[in-house]
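# Structural description and commentary
The residues making up each chain are set out below.
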Amino acid sequence: MATLAVGSLRTPEEAVARIAYLSSDVVISVQPSLSGASAYSSKLAELSSRNIKGTLSHQTPEVQTVRQNADPLLSVYQPARSGKVISVTTTSNTLISSIPHLYKLINYPVVIHVSMQPAQYPDYSEITSIRQTGLILLQSESTQEAQDMAVAAHALALKSGKAVIHFFAANQQSEVPVEDSTLLERALDRAAARGFHDSTVDSANLYADDGVRAQTLQVGELTPTAPLSGIATPVAGDVTSNGGSGSSVASTAGDSTQASSATPASSLDLPVTSRDVTSEDIFKHINNIFAVIKQVTGREYNVFEYTGPQYAEHALFVFGSTTHLFRDVLKKAPSGEYDKVGVVSARLYRPWFGTQLPASIPKSVTKIAVLEQIHRQTTRWGPLFLDLLTCLRTGPSVQGAPSVVAHKLGYINAETASQAFRGVVQNLRSESSVQNLSVGLENGPETTAAKLEQPGVETAYMKILDQLFGNRLHVANSLDRPNAGISANIAASPEYGYGSLLARIEKRKALVEKVEKLAKSSDFATPKSTELLSKWLLVAEDETKSTEAAEELIKQLEKDGSAVAKVILEDKSLFYKESPWLIGSDAWAYDLGNSGVHHVVASGKNINMLVIDSTLTPNVLQMMPPAGRRISGSSVAVYSSYTQVLHAMLEADKFDGPSVVLAYLPYNKEDDSALTVMQETKKAVDIGYWPLYRYDPFGEEKGSINFTLESERIKKELKDFLARENHLTQLVKRNPAFAANLSHSYGKEVRQQQKRNAKDAFAKLLDGLSGPPLTILWASDGGNAENLAKRLGRRGKARSLKTLAMSMEDYPIEDLNNEENIVLITSTAGQGEFPMNGRSFWEAVKGSTDLDLAAVNFSVFGLGDSHYWPRKQDKIYYNKPAKDLDKRMREIGGKSLVDCGLGDDQDPDGFQTGYSEWEPKLWQALGVDNVDGLPDEPPPITNEDIKLASNYLRGTIEEGLADESTGAISASDMQLTKFHGTYMQDDRDLRDERKAQGLEPAYSFMIRCRLPGGVATPKQWIQMDDISDEFGNHTMKLTTRQTFQFHGVVKRDLKNTMRAINKALMTTIAACGDVNRNVMCSSLPQQSAFHDQVQAVAKRISDHLLPSTTAYHEIWLQDENDKKVQVAGDVVVDHEPLYGPTYLPRKFKITIAVPPHNDTDVYAHDIGLIAIKGEDGQLAGFNVLIGGGMGVTHNNKKTYPRTGSAIGFATPDQIHLVCEKVMLVQRDHGDRKERKHARLKYTVDDMGVEVYKGKVEELLGWKLEPSRDFHFDSNIDTFGWQKDENGKNHFTFFIENGRIEDTPEFQMKTGLREIAGVHKGEFRLTGNQHLILSNVDDEDLPQIKDLMAKYKLDNYAFTGLRLSSSACVAFPTCGLAMAESERYLPVLISKVEDVLEEHGLRHDSVVMRMTGCPNGCARPWLAEIAFVGKAFGAYNMYLGGGYHGQRLNKLYRSSIKEEEILAIVRPLFKRYALEREEGERFGDFCIRIGIIKPTTEGKTFHDDVAEEDVEDE
């Protein structure tokens, strides 16, 4: 294939798409589906991605994608009424269904570009069907014609103010250059476009005429060559002008070439009137446009176009896609063959200017053949034939007019065109021409129509229906339901399904009547049949009983074998009391005009309808019926609350009457990931955009309530609103003048005024200061830039400057021109992007044409990391926001006080190194560098200060919990609550959306239990399950530290959650914070007796190292009389014998592993204990490892992970004391100044292992024994059933990334709860985030296995890679996350599993781990392959970890995204399959083949990495 020339267009659709884009404000791109591109899509996407500006407004046009089956022209109304110039790109398949809307668009300058279908043999009946709608119809065939006629269509729409349909055949493709820009400049009437932009139509009705008229001005007897804006004032006065004059009419005198010569109306003293645009105006406009096209391009077009000799006797009038073929035949014919034959076509099909036709063809023509390309002609005479007959054979000119002969134009191509042409000419030359002669093949080439499919994301709702109702479910408009003779589009529509359900209801009613008669007859072979028929009649309307009775009856009738039994069995499906449903879906079951909903509601029948709304702007809520109707209604969102969907569908099924379930499922494309859908759902539900509720009109009669609001976050806000609304209502009643003011007090205006008031108020406070003003704006991602800006502000005030420090997003941009001195401090987010709170400021500064900073002095300081994006091509991202801002400020006239300062995290003191050089220069430039008597700045408050001042972890937690004005607690309390087992978080999926709404972040709390060894009873499991549902987000997380973790607990529920956990005989104290945390222990299902011994030691260590403060009990717990319990009596001050008032420098972790399984990653903890079994099979003691730890900071080589070092052996009765002394040495010698250097691993390396060991032994008073031999085989779990030495059974469940939840595909949480209800043993949580069902007796196995099978919990047939994977929580709740982890790792694994299958690696265990940040919660540094989040969507990749968890991995690639990850991983796994040695593990293989070097100890973690950061020369 030849290479496409730069700037050329290959297809008519490409040419049309480009013109539509350049000539419009909004382009409605109609596609088969949102993920299925149309022939226009690629060109529109290309132009949009390049931000190409439009010709009319010099703004980037908006491209809106709409489904073909979703009533696409509805999308035109709103922007058209808002004064936007609209174009639509679609196919002819949409025209018939759009007829109800076309008449409303007649008087708007909308252009609809229509590609005729099927492409090889188009059906022009789609065009003739709309010929009477009043729209202008313009046609083309080739790519060049399509380009020119697209220009003509847009020019004509603007000139006339009327809608134009440009239809074209796409089967003649040829490469053409892009349009001449001069053509658009001259053809498009900018004045008319401006007039339309200034006019709006106030109407919210989708189905009624707006009353708009396309009009033009008439001055005396003169009519200008151009219309008005195309909008005339409707009768009701719905049109308003933005010009402020009160008139909706904006005058124009034509294009720019004519305007200068126009005579002002005022100078003629002639009356000026307006009138409707007529067909004569359109004729004049189109001829002027054709003239412009000819002047610019040399190509000539006319309303009617004739090719042939001027003395022709016969002519072919072609209406189809083959006009060019007939013209080619005529041109290539030998002389004398067709000398008296011509070809005619209509360029402008409507309005029909038949009176102009005689002048367009030779007067010598006596016969005209009309060839109409219409697939299914429903009348004897075609539409064009009647058009010609009317204009040629009626009136005074009928005498001597040519006769008209009708022909049916079938499929022809270049090879058959000559034969077809000859046949038509022969028929014309015949004395008695045959009417309706067929030319060409009746059927064209076979085409494959787009198959109607249900998007995969919608299956969530369908699976829930199937799970709930099983065989009872009857979806009347299901895609897989056979409907003979009915097209899939019709059969899938809710309207059709509604009719089908009504018929089914009547059919079942008839069945019941038939059974009533037959139950009394003796026509059956056995009397049992009549007995069971009677039994069925009694329960026919009962959902449960009728199912049982129906199954028994059907079996009996099949045995009966009588003739009457066979007849009745034909309707056996009706014996079940079905749950009847209709589905409404934008993707495949579009509910046109919401008629399906209205039919269901109006019927009063017991029909349920599930309306799946996939738009990001839900509108179906507006279509709900009046509240007075007796219907059941609910609003649900499966990705927000699965259980609420279950309740809503069950209630709909039980409700005796119409039920409508509105189901939210927002997606931009049908193949969007579940993660994307979930994030959009959460935003909509959280801000109240999509409220979750259930409504039962008979609720109160049943002793309940009618309306249940289930959107947790808006319940309190709704109460506040209702109280406020009541107050405002009363106020308005007393003083109606307040109403208008109140109605405008919302949204953007409020936020803008808040910014203005805040800044003005602060300015007044500064008036008393004597120095010059200094405004400091920050954009901060992690807080460093904000803290720097605030500190700079304090220092400025100390120098008597009038300082104001605020975030960039809170600054009113219009004040920038008036500043005297301004400093901008910004950090770097993502891939060289501004932090979120600086993006709006940057966009305003970057795009503004009104800013002039000639009088403004400025300086910029940036915070970044020069090694964050190590590849040379990514160096531009280093401090990019600061550099861009500095450059832009200079471009718009700002005077630089100091050159842009850059802080680099790689410098010795981080960003402070660059900042300490930049700040003195700033004071010098401002003339305040030599100021005496500057006060000393207070040192920053550290974690050590907070702990010391907390009175043993009390702080102001109690007061913070009582503060109902916010969902948050103070920063210092946020540090202290970690010691109590809870972290404050906010939902980062919602952060930006809530900020845009003027709301505080969606604060909630994570609560972590303290569960030594991860062992819980079945009762405790059920209690944890209850807590997650009542107070959390309906999920539980099994953590990498063998405990339960709850997310989404809001502040008001925090105490109740803590109390519920304590009632379950668990606690949360010291689950987090600078203390010894949860003590882990190998789960060890095969050796239960040994596990019990080791577990007891874990419990003893945990209890021994527990903090002694009574603050936990005072704050969280209460007795029966609702009074706080002070365990220590009435003591005023606590005492911490182990920890002291400042506790430990950092967190402290202990774990126990039992060889040969290192399933707790014993090398990764501050203390690792390796259980040693004695010769008698009993626990002999433990090898002790110290100094392990995972936390790292990206690109900070002072931080590194470390594996533990062995210091000796201790017996079971000594080990808790050894752990204590190791912890005490860390307490006294750990770094309390630099938290990044405060972990035990750094203390051990700073002191040396032997020195540290000596201090431990000094405190013990005795020496540790030498370490004993052991061996590890793996660090993963063993899945499936296992039997221990006592004959007890254990099953290890695969819980992907530890998340216990119910989904439509997998009801894991429900299943585990049911198992807990019958289980008599215990549950063991593993360090790899899985779950073991332990100590199951043989006699209980059948019941347990049945439940496991029922809920698919017995499935562990996954790839070895997936079974060996692990991920931390990361987004949306972790505040430290830089990238996705838990939600993304399963997706990534799915994308590489095909390679594993292909190369025989399905069952091979490869340890893969992922974390959203480098803090290492999922212990990624020990994995054979690890991905650590660097920025959203970008990860550092590490290889070479030890399979047994004994060796650290090493950096292989930095900051790579999915496509790069897959490009590396797929061939690497392939190579592993082909080149590995016997028994060789993946991490060892990577080292052996030399793609990565081994990490021998933590201090060499950053050495010899595969991807060095090479500086530019």
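Residues numbered from 1 in each chain as written. Predicted model: local features only at pLDDT ≥ 70, side-chain atom pairs only at ≥ 80, totals over all residues. Heavy atoms only, no water.

A count of helices and strands for the chain gives 48 helices and 52 strands. Residue burial in the chain is summarised as follows: out of 1513 residues, 55% are buried. Within the chain, counting contacts between residues at least 6 apart in sequence, those at least 24 apart form 75% of the total. (Helix = DSSP H or I, 4+ residues; strand = E, 2+ residues; numbered from the N terminus. Buried < 20%, exposed > 50% of the residue type's maximum accessible area, 1.4 Å probe, protein only. Contact = heavy atoms within 4.5 Å.)

Our focus in this paragraph is the packing of aromatic side chains. Two aromatic rings, taken as a pair, are described by how far apart their centres are and by the angle between their planes. For the coordinates displayed, the defined rule picks out 45 aromatic pairs. Look at phenylalanine 317 and tryptophan 352: their rings are 6.3 Å apart centre to centre, the planes differ by 45°, and that puts the pair in the tilted class. Taken together, the residues span a long stretch of sequence, with phenylalanine 317 in strand β14 (residues 314-319) and tryptophan 352 in the loop between β16 (348-350) and α13 (357-360) at a distance of 35 residues. Note on phenylalanine 317: relative accessible area 1%, which makes it buried. It is arginine 350 that lies over the ring of tyrosine 349; its NZ or CZ is 4.6 Å from the centre. Taking NZ or CZ as reference, lysine 1173 lies 4.8 Å from the ring centre of phenylalanine 1090, over its face. (Phe/Tyr/Trp six-rings, centres within 6.5 Å; stacked < 30°, edge-to-face > 60°. Lys NZ or Arg CZ within 6 Å of the ring centre and 35° of its normal.)

All right, on to helix α20 (residues 543-560) then. With 18 residues, α20 should reach 26 Å at 1.5 Å per residue; the first-to-last C-alpha distance of 25 Å fits that figure. Looking at the buried positions of α20, the neighbouring elements they touch are α19 (527-539) and α21 (563-569). The N-cap of α20, judged by a side-chain oxygen 3.0 Å from the amide nitrogen of threonine 544 a few residues on, is aspartate 542. Looking one or two residues beyond α20, the residue adopting positive phi is glycine 561, at roughly 75°. (Expected span 1.5 Å × (residues − 1). Polar contact = N/O pair within 3.5 Å; in protein donor to acceptor, adjacent residues only side chain to side chain.)

Among the structural elements, asparagine 1328 can be located in the loop between β46 (1322-1325) and β47 (1331-1336). You can call asparagine 1328 buried: its relative accessible area is 7%. Engagement of the side chain of asparagine 1328 in a polar contact is seen with the backbone oxygen of asparagine 1275, the distance being 3.0 Å. Residues within four places of asparagine 1328 in sequence aside, it is in contact with Asp1159, Asn1275, Ile1276, Asp1277 and Arg1409.

Another aspect to go through is the pattern of salt bridges. Per the counting criterion, the structure on display carries 72 salt bridges. In this structure, the salt-bridge partner of lysine 846 is glutamate 843, at a minimum N-O distance of 3.4 Å. In this pair, lysine 846 and glutamate 843 both sit in helix α29 (residues 836-847), three residues apart, roughly one turn of the helix. Of the residues examined, lysine 846 reaches a relative accessible area of 41% and is grouped as partly exposed. Among the salt bridges present, the one from aspartate 1026 reaches arginine 1313, with a minimum N-O distance of 2.7 Å. Residue aspartate 1026 is located in helix α36 (residues 1018-1030), and its partner arginine 1313 is located in helix α43 (residues 1308-1318); the two are separated by 287 residues in the primary sequence. Given a relative accessible area of 33%, aspartate 1026 falls into the partly exposed group. (Salt bridge = Lys/Arg side-chain N within 4 Å of Asp/Glu carboxyl O.)

Residues glutamine 117 and proline 118 are joined by a peptide bond in cis, for which omega reads -10°. Note that proline 118 resides in the loop between β5 (111-115) and α5 (125-128). A cis amide bond links arginine 350 to the next residue, proline 351, at an omega of 0°. With respect to the helices and strands, proline 351 occurs in the loop between β16 and α13. Positive phi values are uncommon outside glycine, yet asparagine 51 reaches one of about 55°. Tracing the backbone shows asparagine 51 in the loop between α2 (41-49) and β3 (62-67).

Take the pairing of strand β43 (residues 1280-1283) next. As paired elements, β43 and strand β44 (residues 1289-1293) share four bridges and run antiparallel to each other. Along β44, the bridge assignment pairs lysine 1283 with asparagine 1289. Turn length for the β43-β44 hairpin, with the two strands adjacent in sequence and antiparallel, is five residues, and the turn residue glycine 1287 shows positive phi of about 85°. (Pairing = 2+ DSSP bridges.)

Taken in spatial order, the six strands line up as β13-β15-β14-β17-β18-β19 in an open sheet, and their pairing is mixed. Two strands close off the open sheet at either side, each with one partner strand: β13 (304-307) and β19 (437-439). For this sheet the average axis-to-axis angle between neighbouring strands, irrespective of direction, equals 30°. Taken together, the four bridges between β14 and strand β15 (residues 341-346) define a ladder with parallel strand orientation. Within the sheet, the bridge partner assigned to leucine 316 lies in β15 and is valine 343. Contacting β14, β17 (367-372) and β18 (403-409), helix α14 (residues 383-392) crosses the sheet at an angle of about 155° to β17. Packing of helix α15 (residues 417-429) onto the sheet brings it into contact with β14, β15, β17, β18 and β19, and relative to β14 it is tilted by some 130°. (Axes fitted to C-alpha atoms, helices over the stretch in contact; angles between N-to-C directions.)

Our focus in this paragraph is the confidence of the model for the chain. For the chain, per-residue confidence averages 85 on the pLDDT scale, and residues scoring 70 or more make up 88% of the total. Considering only residues more than four positions removed or in separate chains, one finds that residues 222-268, a stretch of pLDDT under 50, has 105 contacts. (pLDDT = per-residue confidence, 0-100.)

On to the sheet that holds strand β34 (residues 1003-1008), then. Reading across from one edge, β33-β34-β37-β36-β45 is the order of the five strands in this open sheet, with antiparallel pairing throughout. Both edges of this open sheet fall to β33 (982-986) and β45 (1299-1300), since each of them pairs with a single strand only. As paired elements, strand β36 (residues 1036-1038) and strand β37 (residues 1044-1049) share two bridges and run antiparallel to each other. Note on β37: the bridge partner recorded for leucine 1038 is phenylalanine 1044. Set on the sheet, helix α37 (residues 1054-1063) makes contact with β33, β34 and β37; between it and β34 the angle comes to about 15°.

Direction vectors running N to C along helix α18 (residues 494-518) and helix α22 (residues 595-603) enclose 25°, while the axes themselves pass 8 Å from each other. Judged by the angle between their axes, α18 and α22 are roughly parallel. Relative to α22, the crossing made by α18 is right-handed. Residues Pro494, Glu495 and Tyr498 of α18 pack against Ser595, Gly596, His599, Val600 and Ser603 of α22. Classifying every residue of the contact of α18 with α22 by side-chain character gives three nonpolar, four polar and one charged. (Parallel < 35°, antiparallel > 145°, perpendicular 65-115°, else oblique. Left-handed = near helix turned anticlockwise from the far one by under 90°. Nonpolar A, V, L, I, M, F, W, Y, C, P; charged D, E, K, R; others polar.)

For any two helices packed against each other, one specifies the inter-axial angle together with the distance between the axes. Relative orientation of the contacting elements helix α46 (residues 1385-1398) and helix α47 (residues 1458-1475) amounts to 30°, with a least axis distance of 9 Å. The angle between α46 and α47 falls in the class roughly parallel. When you trace α46 past α47, the crossing you get is right-handed. Residues Leu1388, Lys1391, Val1392, Asp1394, Val1395 and Leu1396 of α46 form the contact with α47, whose participating residues are Glu1458, Ile1461, Leu1462, Val1465, Arg1466, Phe1469 and Lys1470. For the contact of α46 with α47, the class distribution of residues is eight nonpolar, no polar and five charged.

Turning our attention to the environment of alanine 1171. By the secondary structure assignment, alanine 1171 is in strand β40 (residues 1167-1173). Residue class for alanine 1171 comes out buried when judged on its relative accessible area of 4%. Along the sequence, alanine 1171 and histidine 1091 sit 80 residues apart, while their C-alpha atoms lie 10.0 Å from each other. Contacts of alanine 1171, omitting those with residues within four sequence positions, involve Phe1090, Val1094, Ile1152, Ala1153, Val1154, Pro1155, Leu1179, Gly1181 and Phe1182.

With that out of the way, let us pick up the pairing of strand β30 (residues 857-864). Counting buried positions along β30 yields seven of eight residues, so the element is predominantly enclosed. Bridge count for strand β29 (residues 821-827) against β30 is seven bridges, and the pairing is parallel. Across the sheet, the residue bridging to asparagine 821 is asparagine 857, located in β30. A crossover connection joins β29 to the parallel β30 through α29; in handedness this β-α-β unit is right-handed. Looking at chain direction, β30 and strand β31 (residues 895-896) are connected through two bridges and run parallel. (Right-handed = clockwise from strand over helix to strand, strands pointing away.)

Position of lysine 367 relative to the elements: it lies in strand β17. Summary of buried charges: lysine 367 has no salt-bridge partner, and the nearest side chain of opposite charge, glutamate 431, is 8.6 Å away. Polar contacts involving the side chain of lysine 367 include one to the main-chain carbonyl oxygen of serine 430, which spans 2.7 Å. (Lys, Arg positive; Asp, Glu negative; His and termini not counted.)

On to the environment of proline 358. Looking at the element boundaries, proline 358 is found in helix α13. On the basis of relative accessible area, proline 358 is assigned to the partly exposed category, the value being 37%.

Moving on, we come to α19. With 13 residues, α19 extends 19 Å between its outermost C-alpha atoms, agreeing within 8% with the 18 Å of an ideal straight helix rising 1.5 Å per residue. Its buried side turned inward, α19 meets α18, α20 and α21.

As a further point, take the environment of lysine 1221. Its location among the elements puts lysine 1221 in helix α40 (residues 1215-1229). On a C-alpha basis, the gap between lysine 1221 and valine 1256 in space is 5.5 Å, while along the polypeptide they are 35 residues apart. Setting aside chain neighbours within four positions, we find lysine 1221 in contact with Val1256, Leu1259 and Leu1260.

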